[in-house]
Amino acid sequence: FGFFATSFGESISWDFDGNGTADALTDGLLFLRYAFNLRGSLLVGDGVVASDSPLTTAEIQSNLEKAEVIMDIDGNGSIGALSDGLLLLRYMFGIPDEMLVNGVIAADATRSSAEDISQRIELYMP
């Protein structure tokens, strides 16, 4: 597995809060909030950032901005909270097979099988 490397050599993963792991109740919710266009304190408030995160709000938001290049999980050309965001959350919660993709894949998705979605997400796991 690998990480997406930016032109500046930075790696991108689903670990938005920088604590070394990608967790549903922190990183998954950060993705979902970001996809719903929440920023600043609305993005990171209410304990959604891991307690062992070394990053500031601005750094977490920057990580999410950089990760936009990997956020289109279903491959339809856009980042959707109720498609891509839910796919990542379901995956992080360990929801398997067809239950992973049922009801959340965009109609114009180029990746729609549970296998394709899982492979896409796994590429960027820390």
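Residues numbered from 1 in each chain as written. Predicted model: local features only at pLDDT ≥ 70, side-chain atom pairs only at ≥ 80, totals over all residues. Heavy atoms only, no water.

Visitor: Quick rundown of the pattern of salt bridges? Include the residues and the values.
Guide: By the definition in use, this model includes one salt bridge. Between Arg33 and Asp46 there is a salt bridge; the shortest N-O distance is 4.0 Å. In this pair, Arg33 sits in helix H1 (residues 24-35) while Asp46 sits in the loop between helix H2 (41-44) and helix H3 (57-66), placing the two residues 13 residues apart along the sequence. (Salt bridge = Lys/Arg side-chain N within 4 Å of Asp/Glu carboxyl O. Helix = DSSP H or I, 4+ residues; strand = E, 2+ residues; numbered from the N terminus.)

Visitor: I'd like a description of the packing of H1 against helix H4 (residues 81-92), backed by residues and values.
Guide: As a packed pair, H1 and H4 sit with axes 9 Å apart at the nearest point and diverge in direction by 175°. Judged by the inter-axis angle, H1 sits roughly antiparallel to H4. Contact residues: Ala24, Asp27, Gly28, Leu29, Phe31, Leu32 and Ala35 in H1; Ala81, Asp84, Gly85, Leu86, Leu88, Leu89 and Met92 in H4. When grouped by side-chain class, the residues that make up the contact of H1 with H4 number ten nonpolar, two polar and two charged. (Axes fitted to C-alpha atoms, helices over the stretch in contact; angles between N-to-C directions. Parallel < 35°, antiparallel > 145°, perpendicular 65-115°, else oblique. Contact = heavy atoms within 4.5 Å. Nonpolar A, V, L, I, M, F, W, Y, C, P; charged D, E, K, R; others polar.)

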